[in-house]
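# Descriptive analysis of the structure
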Amino acid sequence: MLDKLNGSQIASADLYDWDELVQEDRVHRLIYTDPAIFRAEMTNIFGAVWVYLGHESQIPNNDDYITVRMGLRPIILLRDSNGKIRALFNRCTHRGTTLCRKDKGSARIFTCPYHGWSYLNTGKIRAVPWPDGYACDFKDAKYNVAQVPRVDSYRGFIFATLNADAPSLLDYLGPITKPIDEWLDRQPKGQIRVCEANRLKYKGNWKLAYDNSGDGYHVVFSHRSLLEMENRQADVANKGMSYYKGSPDHKPMYMAYMGNGHHFKDKRPNIEKRSGGLWAVEGPAPGTEYYAEELRRRYGANAEDILDLASSEPVNINVFPNFSLLGNHIQVFEPVSVEETNVTWYGTAVVDEDGVLGGAVDEINALRMRTQEQFPNFGEVDDLANFEEIQRGLACLEDEWVYMHRGLGIPGRVKTDANGVITAPATDEAFMREYIKEWKRLMQATPRLVVQRET
Amino acid sequence: MQQLTHDPSLSSYYVNEAFYRRLIEHFTDWQKDELAITAADERDRFRALVEKEARLLDQLRFDEWLAMYVPEFIYWVPGTPDAGDPRREIAISFDDRRRMEDRIYRLRTGYAWSQAPKSRTMRMVSNVEVFASGAARMVRSNYLISEFRVDGTRYLSGWCGHRFVERGGRWQIEVRQVNLIDCDQNLRNPSIVL
């Protein structure tokens, strides 16, 4: 059953002249600072497009749940008692209380702590205390918990949308499924397991993070301390992100815009494509020398492929609006307010159900945990400091524009292929111009958002 | 004193399977009344070391601070309240000597924007309790870090588990586990050494 949502707020389309705010070469500061735009984004973006909610390995068994958010909506993402993945609004139908307050767990029934209404994990109401005090029929679907009507997974990544008219998830992802597949398929059976996270936040608009995730221009400046650190010892001078040194636009890496707001920074062409090629450029981590020698002793030449699994995959695969695969992390952007954003870097571990790693899986994961901790500790913190300083700078009301025109108007620099995929040198801002065009289109729309209740 | 085969500033051989197993063993179920050391002089000795460490970190005297540690140490900031198994889950930080020296090097470049300008911190440590662990000593202390940076002061709090070992007549830190009370929540600018 589908309910039409109340359209009590001003339609986003009528808020502004969006063509004025988003121009070919620049955007207005208001898109980062205006609370009314942020409120509209919670429906037009974080309701109307496919929003990443979690990974299937976080709810491996029936009755498992995690609590997440879809925009500002609290959500219980769960696998119900029949195995179906659902995204329930974490909201009691009665008075609106959240039903579940834990980050994760396992439950067949959610009982509201306030008045004791209880629900099955399908969302169906189970019982209310002292029902003889009610004249209504609780079999009416309107008493069941509201849930996101469209929940779908792509190879373990769970997305959801409230938009009845959105394309299928597969169509929404489009060509970016190719780098996602490649990212997964370097692990045995293309599987990963989420293993906790580096959880960060910053005082700034969520789009500052999405502007950054495809950006090859900031690296040598924003991450200067990290690059100097990576080069402090001569024998590691060509590791880590050292391929950004010199002139990054003349390296084989590139940026790509892949439609529907998705963008992709592909640094793999900088790396020698061979067994052990990634490991050869992985910077030092706790245990590096021990594990490399131990695995080489046991597995000989086969150790190189295994060591590559502890190495960072040099890509940023960014699915609009809130999901990014980079290195071995799943990065999730979660807007909190117009000027506050959570950025959670979920770690991933290798899964080896068939034993193709010959018993090395625990060791390679121990090393992979340590390689993953490097960038959030030594790189991301500096980006987040810069995002906060952008938000402070944007308080200058009279200086209205933010520029993103690097590469614009230079003949032959930006290329479009037959599938509409746009590529440009690594430091180009074409990815930003393109995704923000899509953002504008979505903000000009009046999407039909619906919730579902079990019948 | 034990001779090291490898310089732990340059390579990391000691973070291995046996090391992880010992680490987990040492940091499991260690705060037991029957292991508590109540002798005032011994408690005072470790209280003084924990206070000295807090002062050195507040003053960013990292070289002197590192000298309080054995060559092969771990600085561990778990990302979950029960700390978990660091082989199976990522931590907020899990630094061996080389990575800690990376961390300090980075902070000193002047280009670590998350620490430019630097935070001003003042640590308070209290509730120091000492527990026996064979010949080693495990020390629990509570901390409150007041951190001022750019637009205000914030407070980080939690408790530390130190593992001290005696080397050449000096008590040195082998492991420091820093447990933030909000370790599993999104943290703003976690760029200081806690």
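Since we're looking at a predicted model, the values are computed, not measured. (Residues numbered from 1 in each chain as written. Chains lettered and ligands numbered in written order. Predicted model: local features only at pLDDT ≥ 70, side-chain atom pairs only at ≥ 80, totals over all residues.)

Across its full length, chain B holds 4 helices and 8 strands. Helices and strands in chain B line up, N terminus first, as α-β-α-α-β-β-α-β-β-β-β-β. Computed over its C-alpha atoms, the radius of gyration of chain B comes to 16 Å, within 12% of the 16 Å expected for a compact globule of 194 residues. Here the C-alpha coordinates of chain B stretch approximately 45 × 40 × 35 Å along the principal axes. The burial tally for chain B puts 35% of its 194 residues in the buried class. Considering only contacts within chain B whose residues lie at least 6 apart along the sequence, 59% involve residues at least 24 apart. (Helix = DSSP H or I, 4+ residues; strand = E, 2+ residues; numbered from the N terminus. Rg over C-alpha atoms; globule rule 2.2 N^0.38 Å. Buried ≥ 20, exposed ≤ 12 C-beta atoms within 10 Å, placed from the backbone. Contact = placed C-beta atoms within 7 Å.)

Residues and elements named next belong to chain A. Strand order in the open sheet formed by 4 strands is β6-β5-β4-β7, and the pairing between neighbours is antiparallel. Two strands in the sheet have a free side with no partner beyond their single neighbour: β6 (85–89) and β7 (104–106). Strand-to-strand twist of the sheet, defined as the mean angle between neighbouring strand axes without regard to direction, takes the value 30 degrees. As judged from the 6 bridges shared by strand β4 (residues 64–70) and strand β5 (residues 73–79), these two strands associate in the antiparallel manner. Its bridge partner being in β5, R69 is matched across the sheet by P74. (Pairing = 2+ DSSP bridges. Axes fitted to C-alpha atoms, helices over the stretch in contact; angles between N-to-C directions.)

Next up on the list: the sheet that holds strand β9 (residues 118–120) of chain A. All names here are of chain A. If you trace the 3 strands from one edge of the open sheet to the other, you get β8-β9-β10, paired in antiparallel fashion. Two strands bound the open sheet, and with one partner strand each, they are β8 (109–111) and β10 (125–127). Across this sheet, the average inter-strand angle for adjacent strands is 35 degrees, counted without regard to direction. Here β8 pairs with β9 via 3 bridges, running antiparallel.

At 3.6 residues per turn, the α-helix brings residues three or four places apart onto the same side. All names here are of chain A. Given a rise of 1.5 Å per residue, 33 residues ought to cover 48 Å, and the 47 Å separating the end C-alpha atoms of helix α12 (residues 361–393) matches this to within 8%. E380 marks where α12 bends most, by close to 40 degrees. Taken across its 33 residues, α12 has 28 buried, putting it largely inside the fold. (Expected span 1.5 Å × (residues − 1). Bend = angle between axes of the 7 residues up to and from the residue.)

This next bit is on the interface of chain A and chain B. At the interface, 40 residues of chain A touch 37 residues of chain B. Elements that contribute at least two residues to the side of chain A that touches chain B include exactly β13 (192–202), α8 (224–230), α10 (288–299), β19 (340–350) and α12 of chain A. No other element matches α12(A), which puts 15 residues into the side of chain A that touches chain B. When the residues that make up the side of chain A that touches chain B are grouped by side-chain class, the tally is 16 nonpolar, 12 polar and 12 charged. (Nonpolar A, V, L, I, M, F, W, Y, C, P; charged D, E, K, R; others polar.)

Residue and element names in this part refer to chain A. Within the fold, N316 resides in strand β16 (residues 315–319). In this structure the C-alpha to C-alpha distance between N316 and R79, which are 237 residues apart in sequence, comes to 29 Å. Beyond its immediate stretch of four places on either side in the chain, N316 contacts S213, G214, F264, K265, S324 and L326.

Residue and element names in this part refer to chain B. Over its 19 residues, helix α2 (residues 40–58) runs 27 Å from end to end, which matches the ideal 27 Å to within 8%, given 1.5 Å per residue. Within α2 the residues assigned to the buried category are F46, L49, V50, E53 and A54. For α2, the buried positions fall inside an angular range of 135 degrees around the axis, keeping them on one side. Facing away from the buried surface of α2 by more than 90 degrees, the exposed residues are A40, D41, D44 and A48. Those residues of α2 hidden inside the fold are in contact with α3 (62–66), β4 (120–133), β5 (136–149), β6 (152–167) and β7 (170–180). (Arc of directions from axis to C-beta.)

Attention shifts here to the domain arrangement of chain A. Residue and element names in this part refer to chain A. The domain boundaries assigned to chain A delineate domain 1 (50–162) and domain 2 (175–442). Using C-alpha coordinates to define each centre, domain 1 is positioned 33 Å away from domain 2. Between domain 1 and domain 2, the residue contacts involve 9 residues of the former and 15 residues of the latter. Taken together, the residues of the side of domain 1 that touches domain 2 sort by class into 3 nonpolar, 4 polar and 2 charged. (Domains from an automatic or database assignment.)

With that out of the way, let us pick up the confidence of the model for chain B. When pLDDT is averaged along chain B, the result is 96; 98% of the residues meet or exceed 70. This prediction of the complex comes with two scores: 0.96 for pTM and 0.97 for ipTM. (pLDDT = per-residue confidence, 0-100.)

What follows concerns the pairing of strand β17 (residues 323–326) of chain A. All names here are of chain A. Of the two faces of β17, both are covered, the one formed by F323 and L325 as well as the one formed by S324 and L326. Relative to β17, β16 is paired through 4 bridges, and the arrangement is antiparallel. Looking across to β17, one finds that V319 is bridged to F323. Between β16 and the antiparallel strand that follows it, β17, lie 3 residues. Direction of pairing for β17 relative to strand β18 (residues 329–337): antiparallel, over a ladder of 4 bridges. What sits directly across from S324, in β18, is Q331. Remark: 2 residues form the turn of the hairpin made by β17 and β18, two consecutive strands paired antiparallel; G327 in that turn has positive phi of roughly 55 degrees.

Right, let's talk about unusual backbone geometry for a bit. Along the chain, F320(A) connects to P321(A) via a cis peptide bond; the corresponding omega equals 5 degrees. Relative to the helices and strands, P321(A) is located in the loop between β16 and β17. With an omega of 0 degrees, the peptide bond between A116(B) and P117(B) qualifies as cis. By the element assignment, P117(B) lies in the loop between α4 (97–108) and β4. Look at D63(A): it is not a glycine, yet its phi comes out positive at around 80 degrees. Mapped onto the secondary structure, D63(A) falls in the loop between β3 (51–55) and β4. For D63(A), a count of 17 C-beta atoms within 10 Å puts it in the partly exposed group.

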